[in-house]
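One-letter residues, chain by chain:
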Amino acid sequence: MFQFVAGMESLILPPVWPKSLPCKNPCKSTTCPVGQKCVPYFQTCLSLMHKPCKQFECINGSTECSSLPKDPVCDANKKQYDNACLLAHHNAKLAYRGPCLKRCRENGQVCGINGRTYTSECAAHADMISVDYNGPCSSIGLITNTKSRQCSNVKCHELPDESCLGITPPGACCPLCGGSLRLLYSRKQIDRALYALQNRGTDSINLRSLLKGLERQVQIAQCTVRGYVTVETDIFVVIQSNEGYPSSLQLEACIREAEKIAGLVNMKSPRIVSEVSLSSLTLATVVHTHIATSSTHIYIPNLMLTILAATFQYIWFLR
């Protein structure tokens, strides 16, 4: 937990998921009321207003699914449904939340940069997570500010450009190209938002809603937002090209988008504070860099140093 000086809010974030096999189906240990069917709903809650972070939802068999909001899901047979209710009524098996993806591999386990094993590349991308390497998660990388391979027993994917700007995500094994940010948020601010929305059926704000909010700030169609909560209790975000073989111009565009978002967060732009899912963001640090070598010295803003600098500025302002 990060604790600022007196008068500043505490910043509390949930820990990253541990390295593991694919997450167990929560419905196997959950019993829904009679007449309802359990559907998995994996999520990372950022604030719960003292409620548990449910990893499933119970679908009432008598519900008129067409009257529910559109929230696409994809089943194991690559068939898309407008919401989980329709999937449950068709007795289909959930593959992942979100529309069925096409520009990704459907078969073969992959390890995400968050240390979680996914059933396929598509499942990882649907969870807004970049793939670290193929196969189940087996190694944990160091937490560094460089773009270098961290695990000797893992085969990393070839980068589209070895000299690109990027980073090895915290705890991941392989470097990636793209604009990278470390974000801090205020749990107290999220609690305020949840209190205001308590009569609208919202009892939690999750990581996915925050990443979707950031994605709406990206103006380049070829750039996509992915991220996770790290063991250092901040949010790591990477903005990458969604092209299979991006050009240097496309890579540069995504980096500029990341730097733009960092500026919006740090300046408390109305584009950030007016969105419920983003209004809790308090600090953004750009962390992408060139590949590290023994003959070069790279300066990367350290997250804790940035926090200390912000703290001293705040104290000076109070004087």
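Residues numbered from 1 in each chain as written. Predicted model: local features only at pLDDT ≥ 70, side-chain atom pairs only at ≥ 80, totals over all residues. Heavy atoms only, no water.

Draft legend 1. Spatial organisation of the environment of Cys27. The residue Cys27 is located in the segment before strand E1 (36-40) in this model. Judged by relative accessible area, which is 16%, Cys27 ranks as buried. The sequence separation of Cys27 and Cys38 amounts to 11 residues, and the corresponding C-alpha distance is 5.7 Å. Not counting chain neighbours up to four residues away, the residues in contact with Cys27 comprise Cys38, Val39, Pro40 and Phe56. (Helix = DSSP H or I, 4+ residues; strand = E, 2+ residues; numbered from the N terminus. Buried < 20%, exposed > 50% of the residue type's maximum accessible area, 1.4 Å probe, protein only. Contact = heavy atoms within 4.5 Å.)

Draft legend 2. Spatial organisation of the state of the cysteines. Under the counting rule described, the total for this entry stands at 11 disulfides. One disulfide in the model links Cys111 with Cys137; its S-S distance is 2.0 Å. Here the disulfide of Cys111 and Cys137 is right-handed, its torsion about the S-S bond being about 100°. With Cys111 in strand E7 (residues 110-112) and Cys137 in the loop between strand E9 (131-134) and strand E10 (166-167), this residue pair connects regions lying 26 residues apart in the sequence. Covalent S-S linkage joins Cys151 and Cys173, the inter-sulfur distance amounting to 2.1 Å. Between Cys151 and Cys173 the disulfide shows an S-S torsion of about -75°. By sign, it is left-handed. Pair noted here: Cys151 is in the loop between E9 and E10 and Cys173 is in the loop between E10 and strand E11 (176-177), with a separation of 22 residues, a long-range link. The exposure class of Cys151 is buried, given its relative accessible area of 9%. On the basis of relative accessibility, which here comes to 0%, the residue Cys173 falls in the buried class. (Disulfide = S-S within 2.5 Å.)

Purely geometric stuff here, so don't read any function into it on its own.
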